[in-house]
Protein chains: 2
Amino acid sequence: MAQNKKTAITPTRVEDYPEWYQQVVKASDMAENSPVRGCMVIKPWGYALWEQMVAVLDGMFKETGVKNAYFPLFIPLSFLEKEAEHVEGFAKECAVVTHHRLEAGPNGGLVPAGPLTEPLIVRPTSETIIGDSFSKWVTSYRDLPLLINQWANVVRWEMRTRTFLRTSEFLWQEGHTAHASETEALERTRMMLEIYADFVENWLAMPVIRGVKTPSERFPGAVETFCIEAMMQDRKALQAGTSHFLGQNFAKASDIRFQGPDGQDTHAWTTSWGASTRMIGGMIMTHGDDDGVMMPPKVAPAHVVLLPVFRKDADSEAILAYTQDTAARLRQETYTGRKLSVEIDSRDLAGRNWEWIKKGVPIRLEMGPRDMAEDAVFMFRRDTGERRAVKRADLGVVIKETLDAIQKNMYDQALAFQKAHTRNVDDKKDFYAWFTAKNPEKPEIHGGFAMAHWCQDAGCEAEIKQDLSVTIRCIPLNGEEEEGRCIFCGGKSPRRVVFAKAY
Amino acid sequence: MAQNKKTAITPTRVEDYPEWYQQVVKASDMAENSPVRGCMVIKPWGYALWEQMVAVLDGMFKETGVKNAYFPLFIPLSFLEKEAEHVEGFAKECAVVTHHRLEAGPNGGLVPAGPLTEPLIVRPTSETIIGDSFSKWVTSYRDLPLLINQWANVVRWEMRTRTFLRTSEFLWQEGHTAHASETEALERTRMMLEIYADFVENWLAMPVIRGVKTPSERFPGAVETFCIEAMMQDRKALQAGTSHFLGQNFAKASDIRFQGPDGQDTHAWTTSWGASTRMIGGMIMTHGDDDGVMMPPKVAPAHVVLLPVFRKDADSEAILAYTQDTAARLRQETYTGRKLSVEIDSRDLAGRNWEWIKKGVPIRLEMGPRDMAEDAVFMFRRDTGERRAVKRADLGVVIKETLDAIQKNMYDQALAFQKAHTRNVDDKKDFYAWFTAKNPEKPEIHGGFAMAHWCQDAGCEAEIKQDLSVTIRCIPLNGEEEEGRCIFCGGKSPRRVVFAKAY
């Protein structure tokens, strides 16, 4: 292995994975910390990625009959208190609005004034405020199902934050549905999980495990929480989307009732499901390498960047015209339903090439006098580094084939990585070693996903968490029944679950 | 006039315009009040309209090189205080976050805990927090112009609120740009005003007057505020978008400096410009009639609704299949760059028709056994009430022609209304009469736009506001120089300005 190969990012993943992540984000120009504690600024390159993600997910939701709406940013404290587990789950991380104006203080500066009679919570999630609307919108079974989604910002006050992964404010969507039967609500919960899995696997190129959370890891107030879990390159798990079956808990808290065909009055069954800008962090940690971010072609803010190469003895104007003509041709093409997004960078700048590598653009095309003479361009793949000349006559087809190839390769690489670091563990000593033994090549990285048996006792789960900071990420949905012995206590277990360290 | 014609909305515009507005919004199912003081819930039909508006405006911005980004919801108090006029302008309407968690209070319930060392303001606008980022992003003239836009929610605590028109929380976009010269910044300010005017006139079908605000009506901290003003059916003005030239005020407050080609260090010139969900209120008040909302076809959430008519003696299945086939054909068509949006309402319900009238869908198509026998449908226009049979072979073409005709008719009607209620006023007594005399037919409505002379003295402006609640909406950009006498004091005036009551 070429240990001394020069990389764009310092430190490398092997050297210091958490710091590598921060440096990759910075080098990609996707986001930065803001002067407001725990809040990030999403810069144009990061936001353009988010816009692509939103467009695709939003389309998927609408295909299933979901409609978008918008609800208040503020939740009266009394609303949050309606569901006991719910408020307990969020009380420790709430931004609280207590005043509605500013006035001159005793020492000259402005101070909060106009105290509110009831504090308002900046929404950490919107079950209770949306539940209030639902209670008015639903009276008969004919009003059901009610399928609503909201794209919004939410705030959960975090003490230790990391760009995209854990921030006090983040962007997300939260779907909320109400149904006339438990079965239908459960079907919707599973349907939305499948949409998340489809999106994350087929658009973000991140293989995931679909599963259900243990009671201790459930959303506060939910009856059942379904999730998708992905493996990062430090072998930790990242939850990339959750879908909650809320039973009648929130319907009772918000009084969402409907009259059935038989005239009987019943509380509705509700669901909620969300995915956030956190997915961006997961995407970066799944695909990034020591040269920076790698954008999956299907959501990349730009598919291709064109880099005219100017030579002292050549006609710069002609090269520029050739570049613009190439861009115009490419912009006629569509890829996965949108026009090819083509950037031109005609700055005569050392390091220009590396900027686009660090930003993760899937394909770079250089074109200088010699390429022009041959009516060709020189193509570079971000994922494999492969480079070759392509005739312009073939370019549209080659670009699209190459984007497909990159998308597939990224998924395959990530899946191979996940498989390589997932294993059945049946012995407690092995289990502890798996999560504590250092990998000599990557000293800070250990373990991966341990498929192990668990007796379904929250005590065993808690002790493992205490000892190793390892949690049950999920009980896989496609896991086979298999009798076994709990990895911690040796008690009977009906199936294996996924243990891992997690973000 | 058929005074007793039955209308869908009670009261009518003539009877009680403000109440008519509230009832129209309610009947359209676009939005409703929330339990949070002054905050609205935007329901799916209203949000779908907003999505169309966002898509079009966003595309217009991007065409001019603007890129989207996202900045924190919270603004530290010290940031807001950086620009003196700015903080003064917003201090009276700020939602202030003072705590970051909840804990059990002395009386059992939860109370705010974890006081913040510095209060955070929920953004009323983002000049100061975006300025902070700009100060880091800009170092050289090569970094300019910086052209950024944000789609976001903002909060301005309002005491008297009205859905869409004035709410404590609303949705908007705010553009922020920085430039290396005053000329360029002014050009951008005017360019964005022209984009708003283009959008509001050509998409929302609302004629506007482009103008500049008087000093007393400027955005707090701006050097110059440009605006577009539209006339509502009660003849009041509504400001539908503003574009501010900020000079170097905010650049100095946030320290946005660049090194020029000559090595000299200079503060940048900045602009900001915004349009909000308020435009929806303006659209409703411009086009709505006594039967409810009227959606301009180019932004309508649905262009067409299909209404199968079931008869006792006919085959319902066949009618339904016929309807679905018609919908499938129409969905192949595109109108103004998006697929025709087609709803089917197959409920067998009295009042079904009226629901769609109140929602303002431009075209309704009824189809029963007789239409089916003739391979035709029966078409109703929302704006004129015109109805006629259309052969299905012609339907695609006829629908698109009719949508164009409706769009044009709506604009023409609004322009005729604006012209009919705008007049030159040169006599002070006439001016006062114009804004106080009741119209016998519409007793609560008076005046309109008075084009009158003004001596440029803020005192005269203030006295008129005091006497009549009439303000100078703008100094028209295309107004001709014309010497005259101030309508209030008789002092010299170089041109006419627009006086009106306003939302």
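Residues numbered from 1 in each chain as written. Chains lettered and ligands numbered in written order. Predicted model: local features only at pLDDT ≥ 70, side-chain atom pairs only at ≥ 80, totals over all residues.

**Student:** How should the overall build of chain A be read in this particular structure?
**Tutor:** A count of helices and strands for chain A gives 14 helices and 27 strands. Taken against the 2.2 N^0.38 rule, which gives 23 Å for 503 residues, the C-alpha radius of gyration of chain A at 26 Å falls within 12% of a compact globule. Its C-alpha atoms give chain A principal-axis dimensions of roughly 85 × 60 × 60 Å. When burial is assessed residue by residue, chain A has 51% of its 503 residues classed as buried. Pairs at least 24 residues apart make up 68% of the contacts formed inside chain A by residues separated by at least 6 positions. (Helix = DSSP H or I, 4+ residues; strand = E, 2+ residues; numbered from the N terminus. Rg over C-alpha atoms; globule rule 2.2 N^0.38 Å. Buried ≥ 20, exposed ≤ 12 C-beta atoms within 10 Å, placed from the backbone. Contact = placed C-beta atoms within 7 Å.)

**Student:** When you look at helix H13 (residues 428-436) of chain B in this model, what are you seeing that I'm missing?
**Tutor:** Every α-helix carries 3.6 residues per turn, so stepping three or four residues along brings you back to the same face. Residues and elements named next belong to chain B. Taken as a whole, H13 has its buried residues at Phe431, Trp434 and Phe435. Projected onto a plane normal to the axis of H13, the buried residues spread over an arc of 85° and lie on a single side. For H13, the exposed residues set more than 90 degrees away from the buried face come down to Lys429 and Thr436. Looking at the buried side of H13, the elements it contacts are strand E23 (449-453) and helix H14 (458-468). (Arc of directions from axis to C-beta.)

**Student:** Teacher, can you tell me more about the sheet that holds strand E6 (residues 110-122) of chain A here?
**Tutor:** Hydrogen bonds along the backbone pair up the strands of a sheet, which may run parallel or antiparallel. Pairing within the open sheet is antiparallel, and its six strands lie in the order E4(A)-E6(A)-E5(A)-E5(B)-E6(B)-E4(B). In the strand order of this sheet, the two ends are held by strand E4 (74-76) of chain A together with strand E4 (74-76) of chain B, each with one partner. Pairs of neighbouring strands in the sheet enclose a mean axial angle of 45°, with direction left out of account. Note that E4(B) and strand E6 (residues 110-122) of chain B share three bridges and pair antiparallel. In the strand pairing of E6(B), Pro76(B) is matched with Leu120(B). (Pairing = 2+ DSSP bridges. Axes fitted to C-alpha atoms, helices over the stretch in contact; angles between N-to-C directions.)

**Student:** I would appreciate a short explanation of the domain arrangement of chain A in the present structure.
**Tutor:** Note on interface size: it is often stated as the accessible area lost on association of the parts. We note that the domain assignment places domain 1 (17-287), domain 2 (302-405) and domain 3 (422-500) within chain A. The centre of domain 1 of chain A, based on its C-alpha atoms, is set 39 Å off from the matching centre of domain 2 of chain A. (Domains from an automatic or database assignment.)

**Student:** It is not clear to me how the interface of chain B and chain A should be interpreted in this structure. Could you clarify?
**Tutor:** Counting from both sides, the interface comprises 46 residues of chain B and, opposite them, 46 residues of chain A. Considering every element that reaches the side of chain B that touches chain A, the biggest residue donor is strand E5 (residues 96-104) of chain B, with seven residues. Of the residues in the side of chain B that touches chain A, the class split is 30 nonpolar, seven polar and nine charged. Sheet topology places strand E5 (residues 96-104) of chain A next to E5(B); three bridges connect them, and they run antiparallel. Within the sheet, the bridge partner assigned to Val96(A) lies in E5(B) and is His99(B). (Nonpolar A, V, L, I, M, F, W, Y, C, P; charged D, E, K, R; others polar.)

**Student:** Where do I start with the pairing of E6(A) in this structure?
**Tutor:** One face of the sheet, then the other: side chains in a regular strand alternate in exactly this way. Residues and elements named next belong to chain A. For E5 and E6, the ladder comprises seven bridges, and the chain directions are antiparallel. Paired with Ala104 across the strands is Leu110, a residue of E6. Hairpin connection of E5 to E6: five residues between the antiparallel strands, including Gly108 at a positive phi of 100°.

**Student:** Would you explain the relation of the copies chain B and chain A in this entry?
**Tutor:** For the pair of chain copies, the relating transformation is a rotation about an axis with a translation along it. Of the transformation placing chain B onto chain A, the axial shift is 0.0 Å and the rotation is 180°, giving an RMSD of 0.0 Å. Classification of the inter-copy transformation places it as that of a two-fold axis. Within chain B, the C-alpha atom positioned nearest to the axis of rotation is that of Val97(B), 2.1 Å from it. Most of the interface of chain B is mirrored in chain A: 100% of its interface residues are interface residues there too. (Least-squares fit on C-alpha atoms with pLDDT ≥ 70 in both.)

**Student:** What am I meant to see in the sheet that holds strand E14 (residues 269-276) of chain A here?
**Tutor:** Residue and element names in this part refer to chain A. Reading across from one edge, E3-E7-E8-E14-E11-E10-E9-E24-E27-E23-E22 is the order of the 11 strands in this open sheet, with mixed pairing throughout. With one partner strand each, in any of the chains shown, strand E3 (67-68) and strand E22 (422-424) form the two edges of the open sheet. Note that strand E23 (residues 449-453) and strand E27 (residues 496-500) share four bridges and pair antiparallel. Its bridge partner lying in E27, His453 is registered against Arg496. Sitting on the sheet, helix H8 (residues 278-287) touches strand E8 (169-179), strand E10 (224-231), strand E11 (237-245) and E14, and the angle it makes with E11 is about 145°.

**Student:** Just checking my understanding: could you explain unusual backbone geometry for this structure?
**Tutor:** Where the residue is not glycine, phi is negative for most of them; where a peptide bond is considered, it is trans in most cases. Following Thr10(A), the chain continues to Pro11(A) via a peptide bond in cis, the omega torsion being 0°. Position of Pro11(A) among the secondary structure elements: in the segment before helix H1 (17-28). Non-glycine residue Gln456(A) carries a positive phi angle of around 75°. Despite not being glycine, Phe164(B) shows a phi value in the positive range, around 70°.

**Student:** Quick question: what am I supposed to make of the nonpolar core here?
**Tutor:** The nonpolar side chains of soluble globular proteins are, as a tendency, buried together. By size, the foremost hydrophobic cluster in this structure holds 309 residues, and its most contacted members are Val200(A), Val304(A), Val200(B) and Val304(B). Setting aside its immediate chain neighbours within four residues, Val200(B) contacts Met206(B), Val208(B), Ile228(B), Ala230(B), Ala240(B), Gly241(B) and Met279(B). (Core = buried A, V, L, I, M, F, W, Y, C linked by C-beta atoms within 7 Å.)

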